[in-house]
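For reference, the chains in residue letters:
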Amino acid sequence: MNPVFWPSVVEIAAWAVALAWCARTTDALRHLPSVPNLTGLEWDVWPEGSPGLTVIVPARDEAANIAATLDTLMQQDYENLRVIAVDDRSGDETGAIMDRFAERFPARLAAVHVTELPDGWLGKVHAMAVGFAMCETEYVLFTDGDVMFSPSVLRRALAYVERERADHFVAVPTMQVKSWGEGVLLGFFQVLSLWVTRPWLASDPKAERDVVGIGAFNLFRRDALERLGGLEPQRLVVLEDMTLARRMKAAGMRQRVAFAPGLVLVHWAAGVSGLMQVMSKNLFSAFNFRPALALTACLGLVLFCLAPLAGIFWWGTIIPGLLVAACVSVGYRMYGEVSWIEARFGWGFPLGAAMFIYAVARSVVVVWKDGGVKWRGTLYPLRELRRWNSPKMWRGKA
């Protein structure tokens, strides 16, 4: 090959990546402000008709967090509210804490205890299904046992949902960052989301790939979810939040998303090691447990996130490299306004990318080595996970 030709190929690739970043960032700058923000005064109202809402809180071994979660739910200013706390085979004080809250608030909270996991079910999904079977209200909210809610957020969410006549609604929570490593990894994660989904298109039925589902705040119209078969079609799905969202959108249901800075707080995991542990469970499932897909994603991350920044140090690609760096900086500042993840973590973008690539690779190795996903004391076999995490399965095409 002509040695003069090779640099031109690299330069063309660098400009292609830079222009792709510019296009996606410009699109976000134009449309991200159109995503509703629940902190606005227009949502500080009472929902039309005061519909009933059931909050389902599945939890296993969450003794350190469950009391705070239930306490914030009991302080909600929305009266037509019922909370079902599901203890999923906990080995700590989680169940006892739930029982104490049920005794204090018998009209508002019920505690349910799952002692055995049926075959062919993921623990959390089964706990969600147990709670959903008890739901009689118009709306149901699935959340986690380590989420904090401001007193008005459920009322605000229902006001928006009722006005939009939504079948599925996600309030994007605020991630609590308690260490520099968490900020680097979570900051990268939010900028990466530019390439995964565009929240302003969640309401567009034609934008099939733009779907938002977050386990901390996944709200559904109960009859809409019942028409899709409830939780049964995804009984062994690891990313249950995103799968619920995909099922709703694939069925033509009305999907909506809003930011809720400061209204819903989540500390996803403690430190980089905690985040890696959670990602080991989740990331391989995002690629349907297919190593080739995971490897392709890693290569894509190198191409779009690491290579352009490395190109800053070579004269032939310095301009496209700087363009990518500028887009990254804009992404951190843009999303930081609603996520509260400080833009200063943008300096750690290359490190965050490397950490995320490592997390994907680690997820593949750990799941493959264990023969499945091992989580909270239960091993879910890889063969069954592959079957149930395939879109063909939860869409009823298998």
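Residues numbered from 1 in each chain as written. Predicted model: local features only at pLDDT ≥ 70, side-chain atom pairs only at ≥ 80, totals over all residues. Heavy atoms only, no water.

Visitor: A description of the packing of aromatic side chains should follow, citing residues and the corresponding values.
Guide: Centre distance and the angle of the planes are the two values used to describe a pair of aromatic rings. Taken as a whole, this structure holds 18 aromatic pairs when the rule is applied. Ring centres of Phe 132 and Phe 142 lie 6.2 Å apart, and the angle between their planes is 45°; on these two criteria the pair is classed as tilted. Of the two residues, Phe 132 is situated in helix H4 (residues 123-133) and Phe 142 in strand E4 (residues 139-142); the sequence distance between them amounts to 10 residues. The class for Phe 142 is buried, based on a relative accessible area of 2%. (Phe/Tyr/Trp six-rings, centres within 6.5 Å; stacked < 30°, edge-to-face > 60°. Helix = DSSP H or I, 4+ residues; strand = E, 2+ residues; numbered from the N terminus. Buried < 20%, exposed > 50% of the residue type's maximum accessible area, 1.4 Å probe, protein only.)

Visitor: Break down empty space enclosed by the protein for me, with residues and values.
Guide: Scanning all chains against the criterion turns up 1 cavity of 30 Å³ or more. Of the voids in this model, the largest cavity is the one considered here, and its volume is about 30 Å³. The wall of the largest cavity is formed by Lys 124, Met 128, Phe 142, Thr 143, Asp 144, Gly 215, Asn 218, Glu 240, Asp 241 and Leu 244. Mapped onto the lining of the largest cavity, the elements with two or more residues apiece are H4 and helix H8 (240-250). Sorting elements by how many residues they give to the lining of the largest cavity places H8 first, with 3 residues. Grouping the constituent residues of the lining of the largest cavity by class yields 3 nonpolar, 3 polar and 4 charged. (1 Å grid on protein atoms, 1.4 Å probe; cavity = no way out; pocket = protein on both sides within 12 Å on 5 of 7 lines; lining within 4 Å. Points joined across faces, edges and corners; volume = space filled by probe spheres on them. Nonpolar A, V, L, I, M, F, W, Y, C, P; charged D, E, K, R; others polar.)

Visitor: Pulling in residues and values, what's your account of the environment of Asp 87?
Guide: Relative to the elements of secondary structure, Asp 87 occurs in strand E2 (residues 81-88). For the pair Asp 87 and Ala 111, spaced 24 residues apart in sequence, the C-alpha to C-alpha distance is 7.4 Å. Ignoring sequence-local partners within four residues, the contact set of Asp 87 consists of Ala 59, Thr 94, Gly 95, Met 98, Val 112, His 113 and Val 114. A distance of 2.6 Å separates the side chain of Asp 87 from the side chain of Ser 90, its partner in a polar contact. (Contact = heavy atoms within 4.5 Å. Polar contact = N/O pair within 3.5 Å; in protein donor to acceptor, adjacent residues only side chain to side chain.)

Visitor: For the side chain of Gln 255, give the residues involved together with the corresponding values.
Guide: You can see Gln 255 is positioned in strand E9 (residues 255-259). Its relative accessible area of 1% is what places Gln 255 among the buried residues. Here the side chain of Gln 255 touches His 168 through a polar contact of 3.0 Å, side chain to side chain. Here Ala 245 takes part through its backbone oxygen, which lies 3.0 Å from a polar atom of the side chain of Gln 255.

Visitor: Requested: an account of the packing of helix H10 (residues 291-310) against helix H12 (residues 349-370), with residues and values cited.
Guide: One way to put it is that H10 packs onto H12 with a least axis distance of 10 Å and a crossing angle of 170°. With respect to their mutual orientation, H10 and H12 come out roughly antiparallel. Touching Pro 291, Ala 294, Cys 298, Leu 301, Val 302, Cys 305, Leu 306 and Leu 309 of H10 are Phe 349, Pro 350, Ala 353, Phe 356, Ile 357, Val 360, Val 364 and Trp 368, all from H12. Looking at the contact of H10 with H12 residue by residue, the class counts come to 16 nonpolar, no polar and no charged. (Axes fitted to C-alpha atoms, helices over the stretch in contact; angles between N-to-C directions. Parallel < 35°, antiparallel > 145°, perpendicular 65-115°, else oblique.)

Visitor: Tell me what's going on with the pairing of strand E11 (residues 372-375), and back it up with residues and numbers.
Guide: As paired strands, E11 and strand E12 (residues 378-381) are joined by 4 bridges and run antiparallel to one another. Following the sheet pairing, Trp 375 is matched in E12 by Thr 378. Counted between consecutive antiparallel strands, the loop separating E11 from E12 contains 2 residues, among which Arg 376 sits at a positive phi close to 50°. (Pairing = 2+ DSSP bridges.)

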